[in-house]
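What the coordinates show
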Amino acid sequence: MAKRQRRYPKPASANAREKEPIRQGLVLAHYGRASLVESDDGTLVRCATRRNLPRTVSGDRVQWHSTGSREGIIGAVLPRRTSLCRPDAQGRNRTVAANIDQIIVVIASRPSFEYDMLDRYLVAAELIGAQPLILVNKADLLDGESRARLKERLAVYPQIGYPLVFTSNRRPDGLKALHGHLRDHTSVLVGQSGVGKSSLVQALLPDADIRTGSLSQVTGLGRHTTTVAMLYHVPGGGDLIDSPGVRDFFLGKVAPEELQKGFREFAPFLGQCRFHNCRHLSEPGCALHKSARDGIINQRRFDNYRTMLEAMS
Ligand SMILES: Nc1nc2c(ncn2[C@@H]2O[C@H](COP(=O)(O)OP(=O)(O)OP(=O)(O)O)[C@@H](O)[C@H]2O)c(=O)[nH]1
Ligand SMILES: [Mg+2]
Ligand SMILES: [Zn+2]
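Rules used in this analysis
- Residues numbered from 1 in each chain as written.
- Chains lettered and ligands numbered in written order.
- Predicted model: local features only at pLDDT ≥ 70, side-chain atom pairs only at ≥ 80, totals over all residues.
- Helix = DSSP H or I, 4+ residues; strand = E, 2+ residues; numbered from the N terminus.
- Buried ≥ 20, exposed ≤ 12 C-beta atoms within 10 Å, placed from the backbone.
- Contact = placed C-beta atoms within 7 Å.
- Pairing = 2+ DSSP bridges.
- Axes fitted to C-alpha atoms, helices over the stretch in contact; angles between N-to-C directions.

Another aspect to go through is the overall build of the protein. When helices and strands are counted, the protein shows 9 helices and 13 strands. The burial tally for the protein puts 32% of its 313 residues in the buried class. In the protein, 61% of the contacts between residues at least 6 apart in sequence involve partners at least 24 apart.

Read from one edge to the other, the open sheet built from 6 strands follows the order β10-β9-β8-β11-β13-β12, with strand pairing classed as mixed. Pairing within the sheet leaves two strands with one partner each, and these edge strands are β10 (164–166) and β12 (230–233). For this sheet, the mean inter-axis angle between neighbouring strands, taken without regard to orientation, is 25 degrees. Of the strand pairs in this sheet, β12 and strand β13 (residues 239–242) are connected by 4 bridges, and their pairing is antiparallel.

On to unusual backbone geometry, then. A positive phi angle is found at aspartate 184, which is not glycine, with a value near 65 degrees. Along the chain, the position of aspartate 184 falls in the loop between α5 (176–182) and β11 (186–190). Positive phi outside glycine occurs at histidine 280, with the angle close to 65 degrees. Topologically, histidine 280 is positioned in the loop between α7 (256–259) and α8 (287–293).

The buried fraction of strand β9 (residues 131–137) amounts to 6 of the 7 residues, a majority that puts the element mostly inside the structure. As judged from the 7 bridges shared by strand β8 (residues 102–108) and β9, these two strands associate in the parallel manner. Within β9, the position partnered with isoleucine 103 by the bridge is proline 132. When β9 meets β10, the two strands line up parallel, connected through 3 bridges. Across the sheet, residue valine 136 finds its bridge partner in β10, namely phenylalanine 166.

Given below as structure tokens:
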């Protein structure tokens, strides 16, 4: 019987690896195990990632070395300041974007949005320490009355300190309110499929080749629905990551004492309940319960906190 031959790595490639200088770069997008990296000198390189490394995502800072013309290998992913995760269809937690400091939750009158999902995104933003911004897109579809009604329904958010901006990609001045919020930030656009995230990027960067979908052309989800997250540099300043839309967004597992911190208006009342480990469900002497009843905190948000907590336990 023939002896199984041992295979050693080719010495040539090992030498080449040592000779190439290590550089730094920014991951713009990743496709499977390949990443589009913007080197610090501005060139775009297609990089493979070493098997032992975590999957890179848009916004990652990496070390890489060249293996050919516009090709390279990522050897290290630098520690992430923040990362936005969401469970995939199999329930595994997947990182969507890294090093972001602002989460822009995009909602629109069409498709109709869910407050529950908005709140879940806001909790996610609070827990990773990113600043949330609520963006109501397709403002052109709202007449004066429906705009006022929507503003009224969303009034709690500016009250608790979340900026709320109305935008439209169909009006020349439709993005005016947004520019100032993007400067000096790395932001990620999140929200349901079809709310117009990629159209916003397209309007901000007219030269970029971004495929935006048309929900009206096909039933259900848009044909050009975004499938990978992509980072863009906004001409007026700031980096913006367009992410694939979701039908729904769920938080991964979060401990109850963490979840309550995701609702920033609860902060003054935490520690005031009769029981120090109050979960604010139906315990007697609950300070949050009383505040909601007295109209100091928003009842719908409080109910949503409890729904989230119950869903997790
Ligand atoms: N009326 C109106 N339609 C818009 C606006 N912005 C986007 N749309 C339309 O909404 C549809 C979806 O737009 P996209 O930008 O592809 O939406 P998306 O959020 O990127 O969708 P996913 O990539 O699937 O998450 C397209 O038909 C756009 O033309 C807007 O401001 N007003
Ligand atoms: Mg898109
Ligand atoms: Zn309580």
